[in-house]
Amino acid sequence: MQKIMLLDQMKEVQAQMDEKVLNYLWQGKTETFEEFADFYLLAFDWYDVSSPETGTEKILIYLDREDLFFFCEDERSLNRVRETAAEGLDNESALYQFFTNLLKCDTDSLDAFEAAVTEEENSVMVRTGRYNYMNHIVDYRKELLRRKRYYEQLVAIFENLADDDEKLLTRNAQRRFFNLQNRAERFRNTVLSLREYVTQMREAYQAQIDLQQNELMRLFTVITAVFLPLTLLVGWYGMNFQGMPELTWKYGYPAVIGLSALISVGLILWFKWKHWF
């Protein structure tokens, strides 16, 4: 028997499941994969990779030799299971087909995500100083973390189904779930690689910002060094001591202007020679 229903509709299969199992499922404490003497309990937080703005919904699966039940947290996950679950198949084939359809578009989604990250990096290299670039990196890291957790759950489920310690599946089904395990592991490894790539993007961008700040501080240092001798002259001649002949000299004012200009030009040329300016 195969059924797809909401979590609050568990009572509909009370005749096929032990009441203790129903109460246990209702508590919502099911681990990713739990095996019992004559049935398996699977649980994972389904995440729609095509809609990153949406949250995760819990999906529970009960599998024994005669029955396959899907319990969904809400209508959205219920509709998704109905879309991916195949009809007219035996339980192990229906379960395999469900997970196969669930992962069908993930390769394209990861490729699109990688292209978006690469495009973001290229656009920043062309237009430096984008104030929201770090916010985008944070969003990318959050999205990749959600995908990593999602695929880790699926890897654990497929690994245990491939082992099939309670011998509820045929050898052919074990082999097919082993293939799904490899596929989910590839997706997880891709996500980990993208996380590393995004981390390198953040470090590179931060290094670029630090370099720009260093250039700005160097400019301020050069400006300060140019005007520091002029400030000394102003303070010096501003004391107005009687023994300062320049104060009564006819050409004292233009001489100080010329000396200031000479000092400024000389320092600027020296900084350029040192490639500091």
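In short, a report on the structure.

Cut-offs and rules
- Residues numbered from 1 in each chain as written.
- Predicted model: local features only at pLDDT ≥ 70, side-chain atom pairs only at ≥ 80, totals over all residues.
- Heavy atoms only, no water.
- Axes fitted to C-alpha atoms, helices over the stretch in contact; angles between N-to-C directions.
- Helix = DSSP H or I, 4+ residues; strand = E, 2+ residues; numbered from the N terminus.
- Parallel < 35°, antiparallel > 145°, perpendicular 65-115°, else oblique.
- Left-handed = near helix turned anticlockwise from the far one by under 90°.
- Contact = heavy atoms within 4.5 Å.
- Nonpolar A, V, L, I, M, F, W, Y, C, P; charged D, E, K, R; others polar.
- Buried < 20%, exposed > 50% of the residue type's maximum accessible area, 1.4 Å probe, protein only.
- Pairing = 2+ DSSP bridges.
- Arc of directions from axis to C-beta.
- Polar contact = N/O pair within 3.5 Å; in protein donor to acceptor, adjacent residues only side chain to side chain.

### What to know about the packing of helix H6 (residues 171-237) against helix H7 (residues 252-273)
No. 1: The contact between H6 and H7 brings their axes to 9 Å, and the two run at 160°. Classified by the interaxial angle, the pair formed by H6 and H7 is roughly antiparallel. In the crossing of H6 with H7, the sense of the turn from one axis to the other is right-handed. Listed contacts from H7 to Val222, Ala225, Val226, Pro229, Leu230, Leu233 and Tyr237 of H6 are Val256, Leu259, Ser260, Ile263, Ser264, Leu267, Ile268 and Phe271.
No. 2: Considered class by class, the residues forming the contact of H6 with H7 number 13 nonpolar, two polar and no charged.

### Some thoughts on the pairing of strand E4 (residues 56-64)
No. 1: Burial runs high along E4: seven of the nine residues are buried.
No. 2: For strand E3 (residues 39-47) and E4, the ladder comprises nine bridges, and the chain directions are antiparallel. Each bridged residue has a counterpart across the sheet, and for Asp45 the counterpart in E4 is Lys58.
No. 3: With five bridges joining them, E4 and strand E5 (residues 68-72) adopt antiparallel strand pairing. For Leu60, the partnering residue across the bridge sits in E5 and is Phe71.
No. 4: Hairpin connection, E4 to E5: the antiparallel pair is bridged by three residues.

### A closer look at unusual backbone geometry
Keep in mind that most residues, glycine aside, have a negative phi and that most peptide bonds are trans.
No. 1: A positive phi is found at Asp164, a non-glycine position, where the angle reads about 50°.
No. 2: Following the sequence through the fold, Asp164 ends up in the loop between helix H5 (133-163) and H6.
No. 3: With a relative accessible area of 0%, Asp164 lands in the buried category.

### Quick notes on helix H2 (residues 75-84)
No. 1: Every buried residue belonging to H2 is among Ser77, Leu78, Val81 and Thr84, and all of these are buried. Seen from one end, H2 has its buried residues packed into an arc of 135°, which puts them on one side.
No. 2: Against the buried residues of H2 lie strand E1 (2-6), E3, E4, E5 and helix H3 (91-102).
No. 3: You can read the cap of H2 off the contacts: a side-chain oxygen lies 3.3 Å from the backbone nitrogen of Arg76, and it is on Asp74.

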